[in-house]
Amino acid sequence: MMNRLPNAADLTSPEYSSLLLVARGFMGKTIPKLHQARLIELGLIQCLMGGLIATPAGRMVARS
């Protein structure tokens, strides 16, 4: 468990690319399962209504 908000340095390049895809807006589950699990674990994305959406923290990291 992290005691701070995650940032881009906490992600691999492929994970960051997946976050950028999700941060564009609500999307179906089209990113790799491992990336999805890691981004959810970090609190950067969430599953909602059958798709993926960036959390406020995820949008901040995607803009950095």
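Preceding block: the structure.
In this text, all values refer to a predicted model and were calculated from it rather than measured experimentally. (Residues numbered from 1 in each chain as written. Predicted model: local features only at pLDDT ≥ 70, side-chain atom pairs only at ≥ 80, totals over all residues. Heavy atoms only, no water.)

(A) View of helix α2 (residues 33-41). Regarding α2, the residues found buried are His35, Gln36 and Leu39. The buried residues of α2 occupy an angular sector of 100° when the element is viewed end-on, so they sit on one face. Turned more than 90 degrees away from the buried face of α2, the exposed residues are Lys33, Leu34 and Glu41. In the core, the buried residues of α2 are packed alongside α1 (13-23), β1 (45-48) and β2 (51-54). Gly43 lies just past α2 and shows a positive phi near 80°. (Buried < 20%, exposed > 50% of the residue type's maximum accessible area, 1.4 Å probe, protein only. Helix = DSSP H or I, 4+ residues; strand = E, 2+ residues; numbered from the N terminus. Arc of directions from axis to C-beta. Contact = heavy atoms within 4.5 Å.)

(B) Up close: the nonpolar core. By size, the foremost hydrophobic cluster in this structure holds 14 residues, and its most contacted members are Leu11, Leu19, Val22, Ile31, Leu39, Leu44 and Ile45. Here this core takes three residues from helix α3 (residues 56-63), the largest share from any one element. Once residues within four sequence positions are removed from consideration, Leu19 is found in contact with Leu11, Leu39, Leu44, Ile45, Gly58, Val61 and Ala62. (Core = buried A, V, L, I, M, F, W, Y, C linked by side-chain atoms within 4.5 Å.)

(C) Inspection of the side chain of Gln36 at higher detail. Structurally, Gln36 can be placed in helix α2. Not counting residues within four places of it along the chain, the set of residues in contact with Gln36 comprises Lys29, Ile31, Ile45, Cys47 and Leu52.

(D) Main features of the pairing of β1. As judged from the four bridges shared by β1 and β2, these two strands associate in the antiparallel manner. Along β2, the bridge assignment pairs Gln46 with Ile53. (Pairing = 2+ DSSP bridges.)

(E) Spotlight on the packing of α1 against α2. Direction vectors running N to C along α1 and α2 enclose 80°, while the axes themselves pass 10 Å from each other. One way to sum up the angle between α1 and α2 is to call them roughly perpendicular. Two secondary-structure elements touch here, α1 through Pro14, Glu15, Ser18 and Leu19 and α2 through His35, Arg38 and Leu39. Grouping the amino acids of the contact of α1 with α2 by side-chain chemistry returns three nonpolar, two polar and two charged. (Axes fitted to C-alpha atoms, helices over the stretch in contact; angles between N-to-C directions. Parallel < 35°, antiparallel > 145°, perpendicular 65-115°, else oblique. Nonpolar A, V, L, I, M, F, W, Y, C, P; charged D, E, K, R; others polar.)

(F) Structural context of a nonpolar patch on the surface. A cluster of nonpolar side chains, namely Phe26, Leu48 and Met49, defines an oily patch on the protein surface of about 350 Å² accessible area. Within the secondary structure layout, Phe26 lies in the loop between α1 and α2. (Patch = residues over 30% accessible without salt bridge, like charges linked within 9 Å, V, L, I, M, F, W, Y side chains within 5 Å. Areas by Shrake-Rupley, 256 points an atom, 1.4 Å probe, with all protein chains shown as cover. Salt bridge = Lys/Arg side-chain N within 4 Å of Asp/Glu carboxyl O.)

(G) Quick look at the pattern of salt bridges. All chains considered together, the criterion is met by one salt bridge. Taking the shortest distance from any N to any O, the salt bridge between Glu15 and Arg38 comes out at 3.6 Å. With Glu15 in helix α1 and Arg38 in helix α2, this pair connects stretches of sequence that are 23 residues apart. Of the residues examined, Arg38 reaches a relative accessible area of 25% and is grouped as partly exposed.

All quantities given are derived from atomic positions and should not be read as evidence of function.
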